[in-house]
Amino acid sequence: MDLSRSARRLVAMLTPGLAARRRVAHERRFYGQFVQSGALCFDVGACHGRVSSRLLELGANVVAIEANPTTAAALAARFAGDPALVVEAVALGREAGRATLHLADEATVSTLSDRFVATFTTATLRYARSVEVEVSTLDALIQRHGVPAYIKIDVEGCEPDVLAGLSTAAAAVSFEANAPLLDVAVAAVEQLASLGAYVFTFSPYEELAPACPYLPAAAFVAQLPTLCGPRAALTGDIYAKVM
């Protein structure tokens, strides 16, 4: 029997599980800087609930906001019976109303943004369907659930509109940045900075590791093209906290 080959096979079988556990532990450590047990968090664009799961594991109470009706229903089913999570099946924007949600082949990139659709549609990423959805605001959710300690926003190019519906500074906020739509990220930074003394950093996609120190808004905006652009990460997340 070739023991070395058997050992390699065993490692191959175990490594994916080990990598997944390490990833979960890394996510918990990262989000733990924003969330303490008992804290309220908003997961805007919750999709399948990956971030919501990490926040729950940290002892948070989570409001999971998901505009796609099908995905919201699946999210509610997944967390049914968990009193620490509430699903809000709405989009968020500047004001309450209704809007067209463009549905992608991949649920994680559905969006209200026509510009996002025009920018990112490819042969492998198509927006073939749409659905009318209810739009609410962060302020309305705060009135219903309370002021969150952390707001995670993943709304594919609609970040400034979501933040325009917020008039109360949360202690920590994160939102996506994409190099082709960097002006959208800058607008979101400026919108958030108008609410309080926030400082900002950037983490490349999926890394959950700041690529620069926390900076005031103006200094961060000046540095952002070197962090998220053709010669750097093409996408990632901006993290903000009140000083």
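Below you will find a few notes about this structure. This structure is a prediction, so every number in the text was calculated from the model and none was measured.

When its secondary structure is counted, the protein shows eight helices and 11 strands. Whereas a compact globule of 243 residues would reach a radius of gyration of roughly 18 Å, the protein reaches 19 Å, a difference of no more than 12%. If you line up the protein on its principal axes, its C-alpha atoms span 70 × 45 × 40 Å. Split into buried and exposed, the 243 residues of the protein put 46% on the buried side. Nonlocal contacts in the protein, meaning residues at least 24 apart in sequence, comprise 63% of its contacts between residues at least 6 apart. For the protein, the accessible area works out to roughly 11,800 Å², and carbon and sulfur atoms hold 56% of it. Seen as two clouds, the 20 positive and the 24 negative side-chain charges of the protein have centres 11 Å apart.

Residues three or four positions apart in an α-helix share a direction because the helix packs 3.6 residues into each turn. In a regular helix each residue adds 1.5 Å, so 12 residues correspond to 16 Å; helix H7 (residues 182–193) covers 17 Å between its end C-alpha atoms and thus fits that length. Where H7 is concerned, the buried positions are Leu182, Val184, Ala185, Val186, Ala188, Val189 and Leu192. Among the structural elements, helix H4 (114–120), helix H6 (159–164), strand S8 (172–178), strand S9 (198–204), helix H8 (217–227) and strand S11 (235–242) are those in contact with the buried residues of H7.

About the cut-offs
- Residues numbered from 1 in each chain as written.
- Predicted model: local features only at pLDDT ≥ 70, side-chain atom pairs only at ≥ 80, totals over all residues.
- Heavy atoms only, no water.
- Helix = DSSP H or I, 4+ residues; strand = E, 2+ residues; numbered from the N terminus.
- Rg over C-alpha atoms; globule rule 2.2 N^0.38 Å.
- Buried < 20%, exposed > 50% of the residue type's maximum accessible area, 1.4 Å probe, protein only.
- Contact = heavy atoms within 4.5 Å.
- Areas by Shrake-Rupley, 256 points an atom, 1.4 Å probe, with all protein chains shown as cover.
- Lys, Arg positive; Asp, Glu negative; His and termini not counted.
- Charge placed at Lys NZ, Arg CZ, Asp CG, Glu CD.
- Expected span 1.5 Å × (residues − 1).

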